[in-house]
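# Overview (structure and organization)
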2 protein chains.
Amino acid sequence: MTRDTDVRHVDATTAIEVACDALVAAGSDPHPARLQAEHLVEAELRGHPSHGLRRLPILVGRIRAGLLDPNAEPTFAWGASAALSVDGNLGFGPVVAYRTIDELLRRVAQTGVAVAALRRTHHLGMLAPYVERLGGRGCIGLALSSTEGLVHPWGGAGPLLGTNPLGASVPARDGGIVLDMSTGAVSAGKILDYAERGLPLPEGWAVDADGHPTTDADAATRGSISPFGGGKGYALGLTLGAIVGALTGTAYGPKVRGTLDASHIVTKGDVFVAIDVEAFGQPADSPELAAYLDLIRASGADGGAVDVPGDRARRARRSAEESGFDVTEDVWSTIVGLASEAGIGVKAGHRP
Amino acid sequence: MTRDTDVRHVDATTAIEVACDALVAAGSDPHPARLQAEHLVEAELRGHPSHGLRRLPILVGRIRAGLLDPNAEPTFAWGASAALSVDGNLGFGPVVAYRTIDELLRRVAQTGVAVAALRRTHHLGMLAPYVERLGGRGCIGLALSSTEGLVHPWGGAGPLLGTNPLGASVPARDGGIVLDMSTGAVSAGKILDYAERGLPLPEGWAVDADGHPTTDADAATRGSISPFGGGKGYALGLTLGAIVGALTGTAYGPKVRGTLDASHIVTKGDVFVAIDVEAFGQPADSPELAAYLDLIRASGADGGAVDVPGDRARRARRSAEESGFDVTEDVWSTIVGLASEAGIGVKAGHRP
């Protein structure tokens, strides 16, 4: 898919404007379009293009198919003082997610802890920015999403688990810990990339349709991705997906739809947990934790560097904010094309 | 360490009685002794002897050293309506943990969600029984503990991370999900066992003192255990340990003491999260989740079986309850010896 030769170098401001225009052209009001565009570009800046601009055409397709309401406002229902159920009303993921986080932050000032369960909201994209916002407000943040079935059970066959990611923040000086990891060994996009290039896969990435480990990328595309870390990663991913399903009433594993296609109603769910550190009598900016993270960073074998979760993305972001980032030409030209369609797409006011 | 020849077959009732006697002999009142003994035997029944009776002599040593107060009552302080800080007052882990869980269960009836941060409490042992109790009451449960530094950072050298385990329950028919996993690739006990037998380690288990991967068990005992799942497992373990430290004010990594020795005050911490599923308008016994777990169980490649987290321990428990379990002769004779010392040890009333 990605070739070194056909990339375009863009800056964040331009990318956000073009992405925003593309969403407005499809029918979004400017404000939600801008939030969604910023979140996609944020993934590019942090070095995670899989969650970046290439997701935009799916969103546009979903708006046009009447599956995504770009101007929806979420509905909040507190089932108990620390338990928030959120109906996204089929809106953009980042719009619903940031509104939810603001709601949680107001609540934890009273309760110390609050949990939100989100359904009928679109793909949240990278989880890091959400938990980072919680971390920046002195909270431990957790973010869980269920995703389409792509990963096999350990010892089993078939894509029965999502890549069910986990986001987590622990506040400390200089940003603290910002974890954002999938529970798959590798992304589906990377396996497709290897298949297109005709390259063998590293061992441990995938199994074929019968559940047998394979390094044949074509066989892997008909099979499933392996969980990271063997049986433990499988157990973790299954548990995270089950937590999301249990709290949101959304679908499990193979019944999850709507983040990779433009033809099914969205059936995935998301969960946020916010825990105010000061409600436990502890400082939100613990010098002990900061010192411990520095000790970890300084532990590199053979003089190498060790990263704490969040470090790599922070470095990538600083660099890309200054000097821009690469987008593949096909993704960029598609978005520019969509942005130039203003007046043609389904306009604001459309409600699926 | 373990030889097939020198094991003793015991039944749960006898094991609990002897373990209880050993703790009473050391100065514990009968009630906390029984809770602690039951929790150790519970690990044996579930097939996890590393968290079973072999931990008892350490507890006795800690009581005698004045580091563990077997008759301590925990102190509860709600810093906000869903945020509970627990001072274990140096009591037994299971005693403090079950009291804390009861407190959380009462609270979630009002708040839907509650979190407890525990400090100055002793080793909780297996986390599964705690989250299982939460699951049995319709809650998603999470349990986190920090542990002594044994695991190296990914790319780094030195035992700077604990094996920081994660327990989690998601309620469903027949017990649902009960996860209990360490974030180390393997236990320290297993590496010691290989070293004593002079066997090479499987790849991926450990690094030497310089952070270089090794299959030399002796070198590994002077080095550190690898995280499970490479960089992702490292990131997860570090995050879990940081969450515990941030909420409890307890120590990080190499400064954690008191679960493997009888000479330092305990400096580890624990966190419980309880989330009442019904507070989110969802059933605590979702047929969709139960059906999904059965789909996972039926996915075995080549006709094999796949377990959902909790299945293996449930099978082991059923079998061991019926027919007993094996304990190594050295562990058993030590405990029997301790149990026969009634009247010799430090008696109840001793307060460190």
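Residues numbered from 1 in each chain as written. Chains lettered and ligands numbered in written order. Predicted model: local features only at pLDDT ≥ 70, side-chain atom pairs only at ≥ 80, totals over all residues. Heavy atoms only, no water.

### Overview of the overall build of chain A
Helix and strand counts for chain A stand at 11 helices and 12 strands. Relative to the 2.2 N^0.38 estimate, which gives 20 Å for 352 residues, the radius of gyration of chain A is 20 Å and therefore close to what a compact globule would have. The 352 residues of chain A split such that 59% are buried. Here chain A has roughly 13100 Å² of accessible surface; of this, 51% comes from carbon and sulfur atoms. When the 31 positive and 41 negative side-chain charges of chain A are each reduced to one mean point, those points stand 5 Å apart. (Helix = DSSP H or I, 4+ residues; strand = E, 2+ residues; numbered from the N terminus. Rg over C-alpha atoms; globule rule 2.2 N^0.38 Å. Buried < 20%, exposed > 50% of the residue type's maximum accessible area, 1.4 Å probe, protein only. Areas by Shrake-Rupley, 256 points an atom, 1.4 Å probe, with all protein chains shown as cover. Lys, Arg positive; Asp, Glu negative; His and termini not counted. Charge placed at Lys NZ, Arg CZ, Asp CG, Glu CD.)

### Here's the deal with the relation of the copies chain A and chain B
Expressed as a screw operation, the relation of chain A to chain B combines 0.0 Å of axial shift with a rotation of 180°, fitting to an RMSD of 0.0 Å. Viewed as a symmetry operation, the transformation between the two copies matches a two-fold axis. Closest approach to the rotation axis among the C-alpha atoms of chain A is made by Gly229 of chain A, whose C-alpha sits 1.8 Å away. (Least-squares fit on C-alpha atoms with pLDDT ≥ 70 in both.)

### Quick word on the interface of chain A and chain B
Contacts between the two partners involve 72 residues from chain A and, on the opposite side, 72 residues from chain B. Of the roughly 5400 Å² buried between chain A and chain B, counting both surfaces, carbon and sulfur atoms make up 73%. Considering only the side of chain A, the residues that lose the most area to chain B are Lys232, Phe280 and Tyr292 of chain A, jointly responsible for 13% of the buried surface there. Our count for the contact surface shared by chain A and chain B stands at 0 salt bridges. (Contact = heavy atoms within 4.5 Å. Buried area = accessible area lost by both parts, 1.4 Å probe. Salt bridge = Lys/Arg side-chain N within 4 Å of Asp/Glu carboxyl O.)

### A word on the packing of aromatic side chains
Residue and element names in this part refer to chain A. Counted under the stated rule, the structure contains 9 aromatic pairs over all chains. Taking 4.9 Å as the distance between ring centres and 55° as the angle between the ring planes, the aromatic pair formed by Tyr98 and Tyr130 counts as tilted. Taken as a pair, Tyr98 in helix H4 (residues 93-111) and Tyr130 in helix H5 (residues 128-136) lie far apart in primary sequence, 32 residues in all. Neither residue differs from the other here; Tyr98 and Tyr130 are each classed as buried. Taking the centre distance of 5.1 Å and the plane angle of 70° together, the rings of Tyr194 and Trp205 count as edge-to-face. Of the two residues, Tyr194 sits in helix H6 (residues 188-197) while Trp205 sits in the loop between H6 and strand S8 (206-207), which places them 11 residues apart along the sequence. Connected via pairs of aromatic rings, a cluster forms that spans Tyr98, Tyr130 and Phe272. Above the ring of Trp78, the side-chain terminus of Arg107 is found at 3.8 Å from the ring centroid. (Phe/Tyr/Trp six-rings, centres within 6.5 Å; stacked < 30°, edge-to-face > 60°. Lys NZ or Arg CZ within 6 Å of the ring centre and 35° of its normal.)

### Structural notes on the domain arrangement of chain A
All names here are of chain A. Examined at the domain level, chain A breaks down into domain 1 (75-185 + 229-280) and domain 2 (186-226). Contacts between domain 1 and domain 2 engage 9 residues on the former and 12 residues on the latter. Among the residues domain 1 hides against domain 2, the three largest losses belong to Leu150, His152 and Ala185. Together they make up 61% of the total. Between the two partners, domain 1 and domain 2, sit 5 residue pairs in polar contact (both at pLDDT 80 or more). Its residues assigned to classes, the side of domain 1 that touches domain 2 shows 5 nonpolar, 4 polar and no charged. (Domains from an automatic or database assignment. Polar contact = N/O pair within 3.5 Å; in protein donor to acceptor, adjacent residues only side chain to side chain. Nonpolar A, V, L, I, M, F, W, Y, C, P; charged D, E, K, R; others polar.)

### Considerations on the sheet that holds strand S5 (residues 139-145) of chain B
Residues and elements named next belong to chain B. Across the sheet, which stays open at both edges, the 7 strands sit in the order S2-S3-S4-S11-S5-S6-S7 with mixed pairing between neighbours. Both edges of this open sheet fall to strand S2 (75-80) and strand S7 (177-181), since each of them pairs with a single strand only. When the angles between neighbouring strand axes are averaged without regard to direction, this sheet yields 15°. Note: strand S4 (residues 113-121) against strand S11 (residues 269-276), 7 bridges, orientation antiparallel. (Pairing = 2+ DSSP bridges. Axes fitted to C-alpha atoms, helices over the stretch in contact; angles between N-to-C directions.)

### Side note on helix H8 (residues 230-248) of chain A
Residue and element names in this part refer to chain A. For H8, built from 19 residues, the straight-helix expectation of 27 Å at 1.5 Å per residue is met to within 8% by its first-to-last C-alpha distance of 27 Å. With respect to burial, H8 is a largely interior element, 17 of its 19 residues being buried. Remark: Gly249 follows H8 within two positions and exhibits a positive phi of approximately 70°. (Expected span 1.5 Å × (residues − 1).)

### Observations concerning unusual backbone geometry
A positive phi is found at Arg120 of chain A, a non-glycine position, where the angle reads about 50°. For Arg120 of chain A, the position within the fold is in strand S4 (residues 113-121). Of the residues examined, Arg120 of chain A reaches a relative accessible area of 33% and is grouped as partly exposed. Of note, Asp174 of chain B is a non-glycine position whose phi angle comes to about 65°, a positive value. Mapped onto the fold, Asp174 of chain B is located in the loop between strand S6 (166-170) and S7. Classification of Asp174 of chain B as exposed rests on a relative accessible area of 59%.

### Remarks on the packing of helix H3 (residues 56-64) of chain B against helix H11 (residues 329-339) of chain B
Residues and elements named next belong to chain B. Between H3 and H11, the shortest axis-to-axis distance is 10 Å and the interhelical angle comes to 35°. The way H3 lies across H11 gives a crossing that is left-handed. On H11, the residues touching Leu56, Pro57, Val60 and Arg64 of H3 are Thr334, Ile335 and Leu338. Grouping the constituent residues of the contact of H3 with H11 by class yields 5 nonpolar, 1 polar and 1 charged. (Left-handed = near helix turned anticlockwise from the far one by under 90°.)

### Describing helix H11 (residues 329-339) of chain A
Residues and elements named next belong to chain A. By the burial criterion, the buried members of H11 are Val331, Trp332, Ile335, Leu338 and Ala339. Along the long axis of H11, the arc covered by the buried residues comes to 130°, so they all point the same way. Looking at the buried residues of H11, the elements they touch are strand S1 (7-10), helix H1 (12-25), helix H3 (56-64) and strand S12 (325-328). (Arc of directions from axis to C-beta.)

### Comments concerning the pattern of salt bridges
Where charged atoms from two side chains of opposite charge come close, those side chains can pair. Residues and elements named next belong to chain A. For the coordinates displayed, the defined rule picks out 40 salt bridges over all chains. Among the ionic pairs, Asp294 bridges to Arg297, the shortest N-O distance being 2.9 Å. Placement of both Asp294 and Arg297 in helix H9 (residues 287-297) is noted, with a separation of 3 residues, approximately one turn of the helix. Asp294 sits in the partly exposed class, given a relative accessible area of 34%. Here the salt bridges share partners, and the residues they tie into one network are Arg173, Asp174, Asp294, Arg297, Asp311 and Arg314.

### Some remarks on the nonpolar core
In terms of nonpolar packing, the biggest core is built from 104 residues, with Leu247 of chain A together with Leu247 of chain B touching the most fellow members. Leu247 of chain A has contacts with Val115, Ala117 and Val271 of chain A together with Ile140, Ile275, Val277, Phe280 and Gln282 of chain B, leaving out every residue within four places of it along the chain. (Core = buried A, V, L, I, M, F, W, Y, C linked by side-chain atoms within 4.5 Å.)

### Concerning the environment of Tyr292 of chain B
Looking at the secondary structure, you find Tyr292 of chain B in helix H9 (residues 287-297). In contact with Tyr292 of chain B, not counting residues within four places along its chain, are Leu160, Leu161, Leu238, Tyr252, Gly253 and Pro254 of chain A.

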